[in-house]
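Notes for the structure review
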Amino acid sequence: MKEVIIESKGLTKQYNTGQTTVPVINGINLSLYKGDFTVIMGSSGSGKSTLLYLLSGLEVPSGGEIWLQDKPVHSLDEKMMTLIRREYIGFVFQDFNLVPNLTFLENILIPAYLVKNDRNKLQERAKELMRKMDIIDLVDRLPSEVSGGQQQRCSMARAIINNPRVVMADEPTGNLNSSSSEAVLDILTDLNEQGQSVVMVTHEVKSACRANRIIFLKDGQIEDDLRFDDGLTIEEKEMQLLKWLAGKDW
Ligand SMILES: Nc1ncnc2c1ncn2[C@@H]1O[C@H](COP(=O)(O)OP(=O)(O)OP(=O)(O)O)[C@@H](O)[C@H]1O
Ligand SMILES: [Mg+2]
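This section reports on the structure supplied with the text. Small disclaimer: the values here were computed from a predicted structure and weren't measured. (Residues numbered from 1 in each chain as written. Chains lettered and ligands numbered in written order. Predicted model: local features only at pLDDT ≥ 70, side-chain atom pairs only at ≥ 80, totals over all residues. Heavy atoms only, no water.)

Here we come to the nonpolar core. In terms of nonpolar packing, the biggest core is built from 47 residues, with V39, M41, F104, I214 and L241 touching the most fellow members. Among residues more than four places away in sequence, those in contact with I214 are V39, M41, A208, D224, D225, L226, F228, L241 and W244. Formed by 28 residues, the second largest nonpolar core is a distinct cluster that contains L11, F93, V166 and L217. (Core = buried A, V, L, I, M, F, W, Y, C linked by side-chain atoms within 4.5 Å. Buried < 20%, exposed > 50% of the residue type's maximum accessible area, 1.4 Å probe, protein only. Contact = heavy atoms within 4.5 Å.)

Bringing the site of ligand 1 into the picture now. For ligand 1, the full set of nearby residues is Y15, T17, V24, S43, S44, G45, S46, G47, K48, S49 and T50. Between ligand 1 and S46, the relevant distance is 3.3 Å, taken from an oxygen atom to a main-chain nitrogen or oxygen of the residue. Between K48 and ligand 1, the recorded distance is 2.7 Å, taken from a side-chain N or O atom to an oxygen atom. In the complex, 59% of the free accessible area of ligand 1, which totals 630 Å², lies under the protein chains. If you list the elements that add at least two residues to the shell around ligand 1, you get strand 1 (4-17) and helix 1 (48-55). Looking at the shell around ligand 1 element by element, the count peaks at three residues for helix 1. Among the residues making up the shell around ligand 1, the classes are represented as two nonpolar, eight polar and one charged. (Near = heavy atom within 4 Å. Polar contact = N/O pair within 3.5 Å; in protein donor to acceptor, adjacent residues only side chain to side chain. Areas by Shrake-Rupley, 256 points an atom, 1.4 Å probe, with all protein chains shown as cover. Helix = DSSP H or I, 4+ residues; strand = E, 2+ residues; numbered from the N terminus. Nonpolar A, V, L, I, M, F, W, Y, C, P; charged D, E, K, R; others polar.)

Within the open sheet, the four strands sit side by side as 2-1-4-5. Their pairing is antiparallel. Across the chains shown, the open sheet's two edge strands, defined by having one partner strand only, are strand 2 (20-33) and strand 5 (71-72). Summarising the sheet, strand 1 and strand 4 (residues 63-68) pair through five bridges and their orientation is antiparallel. By the bridge assignment, T12 is partnered in strand 4 with G63. Strands strand 1, strand 2 and strand 4 of the sheet are contacted by helix 1, whose axis makes an angle of about 60° with strand 2. (Pairing = 2+ DSSP bridges. Axes fitted to C-alpha atoms, helices over the stretch in contact; angles between N-to-C directions.)

Turning next to the packing of helix 5 (residues 148-160) against helix 6 (residues 178-193). Where helix 5 contacts helix 6, the axes come no closer than 9 Å and their chain directions differ by 15°. On the basis of their axis angle, the class for helix 5 and helix 6 is roughly parallel. In this structure, helix 5 crosses over helix 6, and the sense of that crossing is right-handed. Across the interface between the two elements, G149, Q152, R153, M156 and I160 from helix 5 touch S180, V184, I187, L188 and L191 from helix 6. By residue class, the composition of the contact of helix 5 with helix 6 is six nonpolar, three polar and one charged. (Parallel < 35°, antiparallel > 145°, perpendicular 65-115°, else oblique. Left-handed = near helix turned anticlockwise from the far one by under 90°.)

Looking now at the layout of surface pockets. Within this model, the largest pocket holds a volume of roughly 440 Å³. For the largest pocket, the lining is made up of 17 residues, of which R85, R86, I89, F91 and P111 are closest to its centre. Mapped onto the lining of the largest pocket, the elements with two or more residues apiece are helix 2 (78-88), strand 6 (89-92), helix 3 (104-115) and helix 5. When its residues are assigned to classes, the lining of the largest pocket shows ten nonpolar, four polar and three charged. Size it by volume and the second largest pocket reaches roughly 280 Å³. Elements represented by at least two residues in the lining of the second largest pocket include exactly helix 6 and helix 8 (234-245). Per element, the largest residue contribution to the lining of the second largest pocket is three residues, and it comes from helix 6. (1 Å grid on protein atoms, 1.4 Å probe; cavity = no way out; pocket = protein on both sides within 12 Å on 5 of 7 lines; lining within 4 Å. Points joined across faces, edges and corners; volume = space filled by probe spheres on them.)

Shape is all these values report; function is a separate question.
Quick look at the structure:
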């Protein structure tokens, strides 16, 4: 049995806009397991990003519980949450979210300096990640001076610099062309093969097939939970997923 790394119980989220309350997450009980590559799918507005933000502690739930291993995310104050998040979660955003006036290297090092002090060691690790992501020639560039794919690879290096227990990515290829998308997905797949737990939101069938588990959201609830058998090729997974999605309203 795999170890549970994140768990939600009766999780809810509503947004108050003016006079009305919009229910977005409506009672989600979910266990995510160590070493899995989990994908969250669902139609636009089904609550995928909100769920990912809640699970990572970037959004505060309206009700229910979220556990990051033994840490009760739902009852931590903001300061504690920030500390825990830095250690537990690496987050990759659709629009990269790099700091515009810092170089690539500096962007990667910010979260590291907040956690540890050994600057030389951290610089070495940052450069090693940049080599792995094929952006080592860009150490001194600003985000505005490189392509979207390069920015996303930088943001992935930033996400994993602290060896987080989970990497979360919200449509990480949503703003990229197809070859950059493949490169980003290959990096996430490699990380997962080395044992990194990954949770990714996507609406693309092909990207979703990088996962071994797919959770399907509808109206803020889990409608389905698919696990692929071990050893399937991407093409075999794609066939299964397309069959499974046929008839679904999304
Ligand atoms: N800050 C907010 N205030 C009010 N409503 C919000 C807020 N954030 C999200 N919502 C609403 O919550 C619902 C779910 O949003 P969410 O962004 O989680 O959907 P999603 O599944 O990620 O959609 P997409 O595929 O378009 O990214 C939507 O109806 C959205 O309008
Ligand atoms: Mg979204």
